[in-house]
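Okay, here's what each chain looks like letter by letter:
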Amino acid sequence: MADLEVQAALSQARQAASAATYDIQKLPEDSIERQALHNLLTAVDAIIEALDTE
């Protein structure tokens, strides 16, 4: 049962990351905010991948 909960949480995290990616793309390309959010999202994606391999 716990595995299903983990998979559901990872699925929600992926959906949220995808929505964030879409929103980040709306920011001006040369903005520091866009770069900072992109870096943060890259870290979140790495965490999701690490959790998914366990």
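Residues numbered from 1 in each chain as written. Predicted model: local features only at pLDDT ≥ 70, side-chain atom pairs only at ≥ 80, totals over all residues. Heavy atoms only, no water.

A. Examining the pattern of salt bridges more closely. What the rule picks out here adds up to two salt bridges. With a shortest N-O distance of 2.7 Å, arginine 14 and aspartate 52 are connected by a salt bridge. Within this pair, whereas arginine 14 is found in helix H1 (residues 2–25), its partner aspartate 52 is found in helix H2 (residues 32–53), the two being separated by 38 residues in sequence. The class of arginine 14 is partly exposed, set by a relative accessible area of 33%. The salt bridge partner of lysine 26 is aspartate 23, with a shortest N-O separation of 3.9 Å. For lysine 26, a relative accessible area of 55% gives the class exposed. By relative accessible area, which is 44% here, aspartate 23 ends up partly exposed. (Salt bridge = Lys/Arg side-chain N within 4 Å of Asp/Glu carboxyl O. Helix = DSSP H or I, 4+ residues; strand = E, 2+ residues; numbered from the N terminus. Buried < 20%, exposed > 50% of the residue type's maximum accessible area, 1.4 Å probe, protein only.)

B. Local environment of the environment of arginine 34. As for its placement among the helices and strands, arginine 34 is situated in helix H2. With 16 residues separating them in the primary sequence, arginine 34 and serine 18 have C-alpha atoms 15 Å apart. For arginine 34, the contacting residues outside a window of four places in its chain are Ile24, Gln25, Leu27, Pro28 and Glu29. In this structure the side chain of arginine 34 is engaged in a polar contact, spanning 3.0 Å, whose partner is the backbone oxygen of leucine 27. (Contact = heavy atoms within 4.5 Å. Polar contact = N/O pair within 3.5 Å; in protein donor to acceptor, adjacent residues only side chain to side chain.)

C. Expanded view of the packing of H1 against H2. In contact at an axis separation of 10 Å, H1 and H2 are set at 160° when each is read in the N-to-C sense. Taken together, the axes of H1 and H2 are roughly antiparallel relative to one another. In terms of crossing hand, the pair formed by H1 and H2 is left-handed. The segment H1 lies against H2, with Gln7, Leu10, Ala13, Arg14, Ala17, Ala20, Thr21, Ile24 and Gln25 engaging Arg34, Leu37, His38, Leu41, Asp45, Ile48, Glu49, Leu51 and Asp52. The residue inventory of the contact of H1 with H2, partitioned by class, reads nine nonpolar, four polar and five charged. (Axes fitted to C-alpha atoms, helices over the stretch in contact; angles between N-to-C directions. Parallel < 35°, antiparallel > 145°, perpendicular 65-115°, else oblique. Left-handed = near helix turned anticlockwise from the far one by under 90°. Nonpolar A, V, L, I, M, F, W, Y, C, P; charged D, E, K, R; others polar.)

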